[in-house]
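# Examining the three-dimensional arrangement
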Amino acid sequence: MDSTYLLNLAFNGLVLGLIVALAALSITLVFGIARFPNAATGDLATAGAFAGLLAPAIGGGSLAIILMGMALSAVLSVAAYFLVFRALASKPPVSSLIASIGVAFLVRAVLTFFLGHDQQVYPLPITRAMVFGPLRVQPTDLMVIGAAILALAAVFATLHLTPIGKRMRAVADNADLARAGGINANRVLLVMWIMAGLLSGLAGTLLGIKTVVSPEMGWDLLLPAFAATILGTIGNPIGAVLGGLLIGMTQELSTPFVGFTYKIAVGFLVLLLTLLIRPQGLFSKNALVR
């Protein structure tokens, strides 16, 4: 098989893997602190991607697309927290999980009702691919990589270098003990939901820039993001990022063997093998947001 073709597939897998990693990190933050898997992550990303469509109308470019998408997803994430998830905090986690599915369907229904089911693209200028030896790189791919890496660095810096990050990790370790120590858990949860929304919006806009914007794109992103979250150990931020990269690379490198239609199944095959061999995930020693 042509090594040049495989190298380009691997690079494309890196780009898509970073997008999956953003969504997986959003899921991980919610699970690590709020203790439930947020099934609305994908549709919040979709809402952010559609919000980005408004940026060119007001004269904005790629940066405006990303910022508008992140802003709307963050607003929706906080609204879901105040209107739904805060009231269910004392209930079993399955209640919040089911509610998040309801939030996801609500967001998708509103989008399709007003905007329809058609695919759309961001009106960005057409650019020529840059050639680095055997590797052909689109400038938008470099932009996606840069934005994703900056966002991941900002999240990890927040978690490990700021007071609010230390409080988030304390609540993730033991919420009752953190409250007893004087930590305002409600403020921590609010910051967490803002971060989760920003990550979802960024994932959605970057996926829209890389591919197309459609009401179903969030579902297509949610499945590999959940797989990456489980693969990297639920609640482990670093594991979520590495799991996203692994899922993205595996899916793209499998394309010559299974085709574009079925490549998503390969990522779940990796997940299935992980659950059979190491069900606690690849990074179980560093559980939760630590």
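Each value, and the rule that gives it
- Residues numbered from 1 in each chain as written.
- Predicted model: local features only at pLDDT ≥ 70, side-chain atom pairs only at ≥ 80, totals over all residues.
- Heavy atoms only, no water.
- Helix = DSSP H or I, 4+ residues; strand = E, 2+ residues; numbered from the N terminus.
- Rg over C-alpha atoms; globule rule 2.2 N^0.38 Å.
- pLDDT = per-residue confidence, 0-100.
- Axes fitted to C-alpha atoms, helices over the stretch in contact; angles between N-to-C directions.
- Parallel < 35°, antiparallel > 145°, perpendicular 65-115°, else oblique.
- Left-handed = near helix turned anticlockwise from the far one by under 90°.
- Contact = heavy atoms within 4.5 Å.
- Nonpolar A, V, L, I, M, F, W, Y, C, P; charged D, E, K, R; others polar.
- Core = buried A, V, L, I, M, F, W, Y, C linked by side-chain atoms within 4.5 Å.
- Buried < 20%, exposed > 50% of the residue type's maximum accessible area, 1.4 Å probe, protein only.
- Salt bridge = Lys/Arg side-chain N within 4 Å of Asp/Glu carboxyl O.
- Expected span 1.5 Å × (residues − 1).
- Polar contact = N/O pair within 3.5 Å; in protein donor to acceptor, adjacent residues only side chain to side chain.

When you go through the protein chain residue by residue, the secondary structure sums to 11 helices and two strands. Reading the protein chain from its N terminus to its C terminus gives the helix and strand order α-α-α-α-β-β-α-α-α-α-α-α-α. What you see for the protein chain is a C-alpha radius of gyration of 19 Å, in line with the 19 Å of a compact globule of 290 residues. For the C-alpha atoms alone, the extent of the protein chain along its principal axes is close to 60 × 50 × 35 Å.

Time to look at the confidence of the model for the protein chain. The pLDDT averaged across the protein chain works out to 89; a share of 97% of its residues lies at or above 70. Within the protein chain, helix α2 (residues 41–52) carries the highest mean pLDDT (96), whereas helix α7 (residues 175–180) carries the lowest (78).

It is the contact of helix α9 (residues 217–231) with helix α10 (residues 237–253), at a shortest axis distance of 7 Å, that shows an interaxial angle of 125 degrees. With respect to α10, the element α9 is oriented oblique. The two elements α9 and α10 cross, and the hand of that crossing is right-handed. Taking contact as the criterion, the partners of Pro224, Ala227, Ala228 and Leu231 in α9 are, on α10, Gly239, Ala240, Gly243, Gly244, Leu246, Ile247 and Gln251. Taken together, the residues of the contact of α9 with α10 sort by class into seven nonpolar, four polar and no charged.

A word on the nonpolar core. The tendency in soluble globular proteins is for nonpolar side chains to be buried as a group. Counting 75 residues, the largest nonpolar core has Leu22 and Leu206 as the members making the most contacts within it. At 15 residues, the largest contribution of residues to this core is made by helix α1 (residues 3–34). In contact with Leu22, other than residues within four places in its own chain, are Ala148, Ala151, Leu152, Leu199, Leu202, Ala203 and Leu206.

This paragraph deals with the pattern of salt bridges. Pairing is possible between side chains of opposite charge, provided their charged atoms come close. Across all of its chains, the model carries two salt bridges by this definition. Two residues, Arg108 and Asp43, come together in a salt bridge whose shortest N-O distance is 2.9 Å. Of the two residues, Arg108 sits in helix α4 (residues 93–115) while Asp43 sits in helix α2, which places them 65 residues apart along the sequence. On the basis of relative accessibility, which here comes to 2%, the residue Asp43 falls in the buried class. Taking the shortest distance from any N to any O, the salt bridge between Lys210 and Asp141 comes out at 2.9 Å. One end of the pair, Lys210, is in helix α8 (residues 185–210); the other, Asp141, is in helix α5 (residues 139–161), and 69 residues separate them in sequence. Exposure remark for Asp141: the relative accessible area of 7% places this residue in the buried category.

With that settled, consider α8. In a regular helix each residue adds 1.5 Å, so 26 residues correspond to 38 Å; α8 covers 37 Å between its end C-alpha atoms and thus fits that length. Most of α8 is tucked away, with 19 of its 26 residues classed as buried. The distance from a side-chain oxygen at the start of α8 to the backbone nitrogen of Asn186 is 3.1 Å, and the residue carrying that oxygen is Asn184.

Another aspect to go through is the environment of Thr112. Along the chain, Thr112 turns up in helix α4. If we ignore the near neighbours within four places in the chain, the residues touching Thr112 are His117 and Pro215. Within the structure, Thr112 has its side chain in polar contact with the backbone oxygen of Ala109 (distance 3.0 Å).

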